[in-house]
Amino acid sequence: MTDQDTLVLIAGLLADIAKDPAVWYVQDLRPAEPPASAAGGLKSLVTSIFGEYTPVASTTVITQTVDNDTYQYLIETVPDGSAGVDYEWLAGVFLFGILLYCLMRLLGGVLK
C-alpha cells in the first residue's frame with residue numbers, strides 16, 4: 001500500500017465518521033431510593049444526637065457541545081480533599097466530646 005492509498009483510506013473513514021450523528025448518553029448512577037440501614041450502637045447514638053453527616057456539596061457546571069449545540073448541566077458534586085469536609089458537624093461532635101469529658105471529670109471530683 002502506498003502513502004496515497006493510505007490517505008484515501010483515511011479520508012474515506014473520516015467521511016464515514018462525519019456522516020454519523022454524535023450520540024451522547026447521560027446515565028444517573030444514583031440509587032432511586034437510599035438503602036435502608038439499621039444503624040446500631042455508637043453510630044445510631046451519634047446520628048440521633050448530631051444528625052446524619054453529609055459532606056459539603058457544590059454546584060458544578062458541565063458543558064457539552066454536540067453538533068454545534070451547547071448544553072449545560074448543573075450537578076451537585078463533593079469537592080476533593082478537605083473542601084468537602086463538613087467542619088461544623090465535626091466541630092460539634094468534638095466540642096460535645098470535650099463537654100462530656102469535662103462533665104465526667106467534674107462528677108468524678110464531686111463523688112471523690
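Our subject is the structure listed above.
A few points on the structure.

Section: unusual backbone geometry
Glycine aside, a negative phi is what most residues show, and trans is what most peptide bonds show.
And step 1. Of note, the phi angle at Asp-67 is positive, near 50 degrees, even though the residue is not glycine.
And step 2. In this fold, Asp-67 is placed in the loop between β1 (58-66) and β2 (69-77).
And step 3. A relative accessible area of 53% means that Asp-67 is categorised as exposed.
And step 4. Its identity as a non-glycine residue notwithstanding, Asn-68 has a phi of 65 degrees, on the positive side.
And step 5. By secondary structure assignment, the location of Asn-68 is in the loop between β1 and β2.

Some details on the environment of Leu-74
And step 1. Topologically, Leu-74 is positioned in strand β2.
And step 2. In the structure, Leu-74 is positioned 15 residues away from Thr-59 in sequence and 6.3 Å away in space, judged by C-alpha atoms.
And step 3. Setting aside residues up to four positions removed in sequence, Leu-74 forms contacts with Thr-59, Thr-60 and Val-61.

Digging into the packing of aromatic side chains
And step 1. Scanning all chains against the criterion turns up three aromatic pairs.
And step 2. Ring centres 6.3 Å apart and planes at 75 degrees place the aromatic pair Phe-50 and Trp-89 in the edge-to-face group. Taken together, the residues Phe-50 in helix α2 (residues 42-50) and Trp-89 in helix α3 (residues 87-111) connect sequence positions 39 residues apart.
And step 3. Ring geometry for Tyr-53 and Trp-89: centres 5.1 Å apart, planes at 65 degrees, overall edge-to-face.

What about the pairing of β1?
And step 1. Two strands pair when backbone bridges link them, and β1 and β2 are joined in this way by nine bridges, in the antiparallel orientation. What sits directly across from Ile-62, in β2, is Tyr-73.
And step 2. In this structure, the hairpin formed by β1 and β2 is closed by a connection of two residues, where Asp-67 is found at a positive phi of approximately 50 degrees.

A word on the side chain of Asp-86
And step 1. Tracing the backbone through its elements, the reader meets Asp-86 in the loop between β2 and α3.
And step 2. Apart from residues lying up to four places away in sequence, Asp-86 is in contact with Tyr-53, Thr-54 and Val-56.

Rules of the game
Residues numbered from 1 in each chain as written. Predicted model: local features only at pLDDT ≥ 70, side-chain atom pairs only at ≥ 80, totals over all residues. Heavy atoms only, no water. Helix = DSSP H or I, 4+ residues; strand = E, 2+ residues; numbered from the N terminus. Buried < 20%, exposed > 50% of the residue type's maximum accessible area, 1.4 Å probe, protein only. Contact = heavy atoms within 4.5 Å. Phe/Tyr/Trp six-rings, centres within 6.5 Å; stacked < 30°, edge-to-face > 60°. Pairing = 2+ DSSP bridges.

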